[in-house]
Amino acid sequence: MAEQWEWAAGASPAKIRRMDNAKTFFITGVSSGFGRAIAEAALAAGHTVIGTVRDARAADDFERRGLGRAHARQLDVTALDQVAPLAAEVEAQIGPVDVVINNAGYGHEGILEESPLDAMRRQFEVNVFGAVAVMKAFVPVMRQRRRGHLINITSMGGTITMPGIAYYCGSKFALEGISETLAQEMKPFGVWVTAVAPGSFRTDWAGRSMVRSERAIADYDALFDPIRQARIDKSGRQLGDPAKAAQAILTLVELAEPPEQLLLGSDALTLVRAKLEARLAGMARWEGLTRSTDGD
Ligand code: NAP
């Protein structure tokens, strides 16, 4: 991944298109994957990026290659009491944040019966509570300024499901619901909220970042072993290109009226469309029973 930063850093400032509408981004988890790709694209487009990372080496790396407009901050998003002070510090030191991207997150994989509740708690602490803490830290200033864009990286797994990722899907369904609700609450103030739901992309998600519960119950072998193996085999060769996702997000932040949800990737489009069509068909099939509970 280093070459990509070289590409950004190697371009002379004169070659970097300094946009009249240069924005300040706050992105969680810029050490790899989507966060890194979005940060690179935003920097190359002339924006300022405050990027959070979890260790000092990643912080140095981010700032060194960032054209003087990359500001690293160390944050584990589960340190909930550090989030609001960090938001206040960057607003004071660097300036008003225009775009917040809740990207930090990971996937837990495991059959529900085999996966301890602590694994679920950790999954929700990072993917849900961490993201909400970041939203809550920036909502007051954005509401008062009457502008801003909060972007939550959810997943197609925030709408579709499959065996072996119950805790992950649960966390992304939760983030989708929270994001959509907040979009309605913030709209009167001119603050946009978008859930960006990617399909499968070439990041570290299914590699070093994934937390996998150990197999224990042979009854699930036939269902789950092929799914686990396929995910391992596909890691690094998924359909989606994070650099193209980053360009789509740069387009998203320029829209006059950004959507409440944006799918990324044709796999996400196909699978989510099929899920919603099946949901509508199920609603039609059981409509009589559904309506049977209304009072006179
Ligand atoms: P990735 O390459 O593994 O990147 C994950 C990033 O999140 C890393 O920077 C990581 O930091 C950071 N992070 C993880 N836990 C954190 C915590 N507790 N506090 C702060 N930072 C933390 O994977 P990715 O695919 O880019 O993931 C980014 C987001 O996209 C996640 O929310 C993921 O669920 C979502 N997503 C991914 C896909 C996909 O196919 N790749 C699809 C749909 C949604 P470290 O380097 O310190 O670990």
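The following refers to the structure shown. (Residues numbered from 1 in each chain as written. Predicted model: local features only at pLDDT ≥ 70, side-chain atom pairs only at ≥ 80, totals over all residues. Heavy atoms only, no water.)

What follows deals with the overall build of the protein. Scanning the protein for helices and strands turns up ten helices and nine strands. Seen along its three principal axes, the alpha-carbon backbone of the protein occupies a region of about 65 × 50 × 35 Å. Across the 296 residues that make up the protein, the buried fraction comes to 47%. Contacts in the protein between residues far apart in sequence, at least 24 positions, make up 73% of those at least 6 positions apart. In the protein, which carries 34 positive and 36 negative side-chain charges, the distance between the mean positions of the two groups comes to 5 Å. (Helix = DSSP H or I, 4+ residues; strand = E, 2+ residues; numbered from the N terminus. Buried < 20%, exposed > 50% of the residue type's maximum accessible area, 1.4 Å probe, protein only. Contact = heavy atoms within 4.5 Å. Lys, Arg positive; Asp, Glu negative; His and termini not counted. Charge placed at Lys NZ, Arg CZ, Asp CG, Glu CD.)

Across five bridges, strand E2 (residues 48-53) lies against strand E3 (residues 70-74) in parallel orientation. From the neighbouring strand, threonine 52 faces E3, where its bridge partner is arginine 73. Handedness of the E2-helix H3 (residues 56-64)-E3 crossover: right-handed. (Pairing = 2+ DSSP bridges. Right-handed = clockwise from strand over helix to strand, strands pointing away.)

With that settled, consider the environment of phenylalanine 62. Along the chain, phenylalanine 62 falls in helix H3. Note on phenylalanine 62: relative accessible area 1%, which makes it buried. For the pair phenylalanine 62 and valine 49, spaced 13 residues apart in sequence, the C-alpha to C-alpha distance is 9.9 Å.

Relative to the 16 Å expected for twelve residues at 1.5 Å per residue, helix H2 (residues 33-44) spans 17 Å between its end C-alpha atoms, a close match to the ideal helical length. The buried count for H2 comes to twelve of twelve residues, which makes it a mostly enclosed element. Within H2 the residues assigned to the buried category are Gly33, Phe34, Gly35, Arg36, Ala37, Ile38, Ala39, Glu40, Ala41, Ala42, Leu43 and Ala44. Just past H2, the residue glycine 46 takes up positive phi, approximately 100°. (Expected span 1.5 Å × (residues − 1).)

Taken together, 28 residues lie around the ligand, and Ser31, Ser32, Tyr168, Thr203 and Ser209 are the ones closest in. A distance of 2.4 Å separates an oxygen atom of the ligand from a polar atom in the side chain of serine 209. Isolated, the ligand exposes 890 Å² of accessible area, and the fraction of that covered by the protein chains is 95%. Elements with a minimum of two residues in the shell around the ligand: H2, helix H5 (117-145) and helix H6 (166-186). Class assignment for the residues of the shell around the ligand results in ten nonpolar, twelve polar and six charged. (Near = heavy atom within 4 Å. Polar contact = N/O pair within 3.5 Å; in protein donor to acceptor, adjacent residues only side chain to side chain. Areas by Shrake-Rupley, 256 points an atom, 1.4 Å probe, with all protein chains shown as cover. Nonpolar A, V, L, I, M, F, W, Y, C, P; charged D, E, K, R; others polar.)

This part takes up empty space enclosed by the protein. Counted by the stated rule, this structure contains one cavity of 30 Å³ or more. As a volume, the largest cavity reaches approximately 40 Å³. Forming the boundary of the largest cavity are Thr28, Val77, Asn102, Asn103, Ala104, Val126, Asn127, Gly130, Ala131, Ile153 and Leu175. For the lining of the largest cavity, the leading source of residues is H5, giving four residues. Here the residues of the lining of the largest cavity sort into six nonpolar, five polar and no charged. (1 Å grid on protein atoms, 1.4 Å probe; cavity = no way out; pocket = protein on both sides within 12 Å on 5 of 7 lines; lining within 4 Å. Points joined across faces, edges and corners; volume = space filled by probe spheres on them.)

So, on to the packing of aromatic side chains. Given two aromatic rings, their pairing is described by the distance between the two centres and the angle made by the two planes. Per the stated rule, a full pass over the model turns up three aromatic pairs. A centroid spacing of 4.9 Å and a plane angle of 50° characterise the contact between phenylalanine 26 and phenylalanine 138, whose relative ring orientation is tilted. In this pair, phenylalanine 26 is assigned in strand E1 (residues 24-28) and phenylalanine 138 in helix H5, connecting sequence segments 112 residues apart. Both residues of the pair, phenylalanine 26 and phenylalanine 138, belong to the buried class. Ring geometry for tyrosine 168 and tryptophan 205: centres 5.1 Å apart, planes at 55°, overall tilted. Here tyrosine 168 is found in helix H6, whereas its partner tryptophan 205 is found in the loop between strand E7 (191-198) and strand E8 (211-212), with 37 residues between them in sequence. Accessibility expressed as a relative area gives 7% for tyrosine 168, which makes it buried. (Phe/Tyr/Trp six-rings, centres within 6.5 Å; stacked < 30°, edge-to-face > 60°.)

Here we come to the nonpolar core. Within the largest apolar cluster, 31 residues are counted, with the highest numbers of intra-cluster contacts made by Phe25, Ile27, Val49, Phe62, Ile101 and Ile151. Contributions of two or more residues to this core are made by E1, H2, E2, H3, E3, strand E4 (99-102), strand E6 (148-153) and helix H8 (242-254). A per-element tally of this core places H2 first, with seven residues. Those residues within four positions of valine 49 in sequence are excluded, and the remaining contacts are Phe25, Ile27, Ala39, Ala42, Leu43, Phe62, Arg69, Ala70 and His71. Grouped together as the second largest cluster of nonpolar side chains are 27 residues, Ala137, Leu150, Leu182 and Ala183 included. (Core = buried A, V, L, I, M, F, W, Y, C linked by side-chain atoms within 4.5 Å.)

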